[in-house]
Amino acid sequence: ALALGATNFIGVEDVELGPDGKVYFATKGNGNIYRFLDGDTTVSQFDTFVVSQNYLINWGIDSAFVPWSVGADNLAFDNQGNLWVQQDGGNNYIWTVGSNHSTLNPQVKLFGRVPIGSEPTGITFTPDGKYLFMSLQHPFPSNIDTQYDASGKLIRWNRNTALVIARNEFLGSFASGISNVKLRNNLNIKLRQNPFNDE
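Everything numeric here is computed off the predicted structure, so don't read it as measured data.

**Some details on the overall build of the protein**
Part 1 of the reasoning: The number of helices and strands found in the protein is two helices and 15 strands.
Part 2 of the reasoning: A buried classification covers 36% of the 199 residues belonging to the protein.
Part 3 of the reasoning: Pairs at least 24 residues apart make up 36% of the contacts formed inside the protein by residues separated by at least 6 positions.
Part 4 of the reasoning: Accessible surface computed for the protein: about 12,100 Å², of which carbon and sulfur atoms make up 52%.

As structure tokens, this is what we get:
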């Protein structure tokens, strides 16, 4: 295939249909995100949507070039047309690519980096776009970093974790120490675990 001029995508990881009707796919080996228009028997408008390169990231008080790197893995579009990209490998970052992004006018932001050893995966949004769900797989058991969740519980990032992320106006405010049962009831969330455990 290479001798005939084909592109070696080096590991297609996820495929998503974009709000523009194009097919987007992530390639883990080179980190690029590609897209094309599927015309049933033909492919058109094929291009590299996100190039694995350094992007200028501004975090409010300063900015720096951050390498996109390899490992583009899971993809999801939010209800504003932004593409979310999780990386398995490289720095295991979570990126957002703006709906008006192009290679000539990059609109790339760094949303987060997962705990050491983790792979961010399984990203999806509720249909109304208010809640983001994702999983963190196999973080190092020796991780000691902690963070408070919405219920005021101190979470240590040393085991597989499912996350629900929302802006404050969607998640609401919860007093420190509120029980998990009350938190679930307030959000009208049903949990199904195996084995089921109230924690």
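Now that the structure has been shown, we can carry on.
**Remarks on the packing of aromatic side chains**
Part 1 of the reasoning: Taken as a whole and assessed by the stated rule, the structure comprises 15 aromatic pairs.
Part 2 of the reasoning: Measuring from centroid to centroid gives 5.0 Å for Phe9 and Tyr34, while their planes differ by 70°, and the two rings are edge-to-face. Pair noted here: Phe9 is in the segment before β1 (12–17) and Tyr34 is in strand β3 (residues 33–38), with a separation of 25 residues, a long-range link.
Part 3 of the reasoning: For Phe9, a relative accessible area of 23% corresponds to the partly exposed category.
Part 4 of the reasoning: An aromatic cluster is built from Phe9, Phe25, Tyr34, Phe36 and Phe46, whose rings are joined through pairwise contacts.

**Some remarks on the sheet that holds β3**
Part 1 of the reasoning: Read across the open sheet, the four strands follow the order β1-β2-β3-β4; overall the sheet is antiparallel. Looking at which strands have only one partner, the edges of the open sheet turn out to be β1 and β4 (43–50). Within the sheet, the average angular offset between the axes of one strand and its neighbour, ignoring direction, is 20°.

**Thoughts on the nonpolar core**
The tendency in soluble globular proteins is for nonpolar side chains to be buried as a group.
Part 1 of the reasoning: Of all hydrophobic cores here, the largest spans 18 residues; its most connected members are Ile33, Trp68, Leu83, Val85, Trp95 and Val97.
Part 2 of the reasoning: Those elements that place two or more of their residues in this core are β2 (23–27), β4, β5 (54–58), β7 (72–77), β8 (83–87) and β9 (93–97).
Part 3 of the reasoning: Those residues in contact with Trp95 that lie beyond four places of it in its chain are Ile57, Val66, Pro67, Trp68, Leu83, Trp84, Val85, Gln87, Val108, Lys109, Leu110 and Phe111.

**Section: the environment of Leu171**
Part 1 of the reasoning: Here Leu171 lies in helix α1 (residues 168–171).
Part 2 of the reasoning: When its relative accessible area of 15% is taken as the criterion, Leu171 is described as buried.

**Considerations on the confidence of the model for the protein**
Part 1 of the reasoning: Residues at a pLDDT of 70 or more form 86% of the protein, whose mean pLDDT is 85.
Part 2 of the reasoning: Across residues 193–199 the pLDDT falls below 50, and counting only partners more than four positions away or on other chains, this stretch makes six contacts in the model.

**Notes on the sheet that holds β8**
Part 1 of the reasoning: The strand order β7-β8-β9-β10 describes an open sheet built from four strands, whose pairing is antiparallel. Looking at the sheet topology across the chains shown, the edges are occupied by β7 and β10 (108–113). Here the strands of the sheet are splayed against their neighbours by 25° on average, with no regard to which way each runs.
Part 2 of the reasoning: Of the strand pairs in this sheet, β7 and β8 are connected by four bridges, and their pairing is antiparallel. Looking at β8, one finds that Ala76 is bridged to Trp84.

**A short note on unusual backbone geometry**
Part 1 of the reasoning: Of note in this structure, Asp40 is not a glycine but carries a positive phi near 70°.
Part 2 of the reasoning: Residue position: Asp40 is located in the loop between β3 and β4.

**Describing the pattern of salt bridges**
Part 1 of the reasoning: Throughout the structure, instances matching the rule amount to three salt bridges.
Part 2 of the reasoning: Two residues, Asp88 and Lys28, come together in a salt bridge whose shortest N-O distance is 2.8 Å. Placement of Asp88 in the loop between β8 and β9 and of Lys28 in the loop between β2 and β3 is noted, with a sequence separation of 60 residues between them.
Part 3 of the reasoning: The class of Asp88 is buried, set by a relative accessible area of 19%.
Part 4 of the reasoning: Assessed through its relative accessible area of 27%, Lys28 is described here as partly exposed.
Part 5 of the reasoning: Two residues, Asp47 and Arg35, come together in a salt bridge whose shortest N-O distance is 2.9 Å. Highlighted residues: Asp47 in strand β4 and Arg35 in strand β3, separated in sequence by 12 residues.

Conventions adopted
- Residues numbered from 1 in each chain as written.
- Predicted model: local features only at pLDDT ≥ 70, side-chain atom pairs only at ≥ 80, totals over all residues.
- Heavy atoms only, no water.
- Helix = DSSP H or I, 4+ residues; strand = E, 2+ residues; numbered from the N terminus.
- Buried < 20%, exposed > 50% of the residue type's maximum accessible area, 1.4 Å probe, protein only.
- Contact = heavy atoms within 4.5 Å.
- Areas by Shrake-Rupley, 256 points an atom, 1.4 Å probe, with all protein chains shown as cover.
- Phe/Tyr/Trp six-rings, centres within 6.5 Å; stacked < 30°, edge-to-face > 60°.
- Pairing = 2+ DSSP bridges.
- Axes fitted to C-alpha atoms, helices over the stretch in contact; angles between N-to-C directions.
- Core = buried A, V, L, I, M, F, W, Y, C linked by side-chain atoms within 4.5 Å.
- pLDDT = per-residue confidence, 0-100.
- Salt bridge = Lys/Arg side-chain N within 4 Å of Asp/Glu carboxyl O.

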